Amino acid sequence: MVYAMSDLHGCYEKFAKMLKKINFKDSDTLYILGDIVDRGDGGIKILQDIMTRPNVIVIQGNHDFSARRLLKMLCMPENEAEYEKAREHYAFWSIDGGQPTYRSFVALSFEEQKKILSYMNSFLIYDEIIVNNNTFFMSHTVPEKNRMLNFENLLWQEFIAGEPEYDKQYFDNKYIITGHTPTAFIDPDCKGKIYKKNNHIAIDCGAVFGNPLGCIRLDTLEEFYVEGN
Ligand SMILES: [Mn+2]
């Protein structure tokens, strides 16, 4: 079976509960569509767990990108200027949920820090797979339809900070799975639930904001939810 979830944002307990709920096995594959770290305090713990699992594939979110860049600049700067620049950015990152990530990262050994940064550097920008005759394009987010249909000219940044048009169907023959935008912001009726409409599947249910963590099984389009911390 192939599963997708997104925007764990440090919710380690919900993540662990979900793996139990779906009975996640070595023969299964899990896609995590970004924003593993920040806001909640278990982001580094989730990374340490999934980096030992070859059947977990991560697609980068904007928080993962900023965190990796700043942690590297702060904890292993190339020079004094880079460190000073990182100190300035840290103020913004820390308001945007970076503090718990920074705190648990600096508590690790230098070797473990290097392992985590190198793992985060392996995250994909997007992926496209076929499961049970359905095609799924997956990324943290996507740009508006006109940009997306002009695929060759897209910038990688558009897959971590783009603003999807969930009211428009982009493709007739494939689903687009995204995180990044809590589903309550797409449609208030979808609060805490996966949004499926116009060949969009939006899976960020806002777990870190007290909503359930959602997960979708691509083989059957079945949805799973866990509540808790
Ligand atoms: Mn995001």
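A quick note: this is a predicted structure, and the numbers were derived from the prediction, not measured.

## Looking at the side chain of Asp187
- Residue position: Asp187 is located in the loop between α8 (183-186) and β7 (195-197).
- Although Asp187 lies buried, it forms no salt bridge, and the closest oppositely charged side chain, Lys197, sits 4.8 Å away as judged by the N-O distance.
- Within the local environment of Asp187, its side chain forms a polar contact with the backbone nitrogen of Asp189, the two atoms lying 2.9 Å apart.

## Let's talk about the pattern of salt bridges
- Under the criterion given, the structure shown has 10 salt bridges.
- Taking the shortest distance from any N to any O, the salt bridge between Asp96 and Arg39 comes out at 3.8 Å. Placement of Asp96 in helix α4 (residues 80-106) and of Arg39 in the loop between β2 (29-32) and α2 (43-50) is noted, with a sequence separation of 57 residues between them.
- The partly exposed category is assigned to Asp96, whose relative accessible area is 37%.
- For Arg39, a relative accessible area of 35% translates into the label partly exposed.
- Across the pair Glu165 and Lys168 runs a salt bridge whose closest N-O atoms are separated by 3.0 Å.
- For Lys168, a relative accessible area of 36% corresponds to the partly exposed category.

## Things to note about the sheet that holds strand β4 (residues 126-131)
- One open sheet accounts for five strands, arranged β4-β5-β6-β8-β7; its pairing is mixed. Because the sheet does not close on itself, it has two edges, and the strands there are β4 and β7. Averaged over all neighbouring strand pairs, the angle between strand axes comes to 20 degrees, with direction disregarded.
- Across three bridges, the pairing between strand β6 (residues 175-178) and strand β8 (residues 200-202) is parallel. Note that in β8 the partner of Ile177 across the bridge is Ile201.

## Points about the nonpolar core
- The biggest cluster of nonpolar side chains holds 40 residues, and the ones touching the most others in it are Met5, Phe15, Leu30, Ile32, Ile36, Leu47 and Ile50.
- Considering every element that reaches this core, the biggest residue donor is helix α3 (residues 62-75), with five residues.
- Counting residues in hydrophobic clusters, the runner-up holds 18 residues, among them Ile59, Ile177, Leu218 and Leu221.

## What about the side chain of Asn55?
- Among the secondary structure elements, Asn55 is positioned in the loop between α2 and β3 (56-58).
- From its side chain, Asn55 meets the backbone oxygen of Asp26 in a polar contact 3.4 Å long.
- Among the polar contacts listed, one links the side chain of Asn55 to the backbone oxygen of Asp28, at a separation of 3.0 Å.
- Setting aside residues up to four positions removed in sequence, Asn55 forms contacts with Phe24, Lys25, Asp26, Asp28, Thr29 and Leu30.

Analysis parameters
- Residues numbered from 1 in each chain as written.
- Predicted model: local features only at pLDDT ≥ 70, side-chain atom pairs only at ≥ 80, totals over all residues.
- Heavy atoms only, no water.
- Helix = DSSP H or I, 4+ residues; strand = E, 2+ residues; numbered from the N terminus.
- Buried < 20%, exposed > 50% of the residue type's maximum accessible area, 1.4 Å probe, protein only.
- Lys, Arg positive; Asp, Glu negative; His and termini not counted.
- Salt bridge = Lys/Arg side-chain N within 4 Å of Asp/Glu carboxyl O.
- Polar contact = N/O pair within 3.5 Å; in protein donor to acceptor, adjacent residues only side chain to side chain.
- Pairing = 2+ DSSP bridges.
- Axes fitted to C-alpha atoms, helices over the stretch in contact; angles between N-to-C directions.
- Core = buried A, V, L, I, M, F, W, Y, C linked by side-chain atoms within 4.5 Å.
- Contact = heavy atoms within 4.5 Å.

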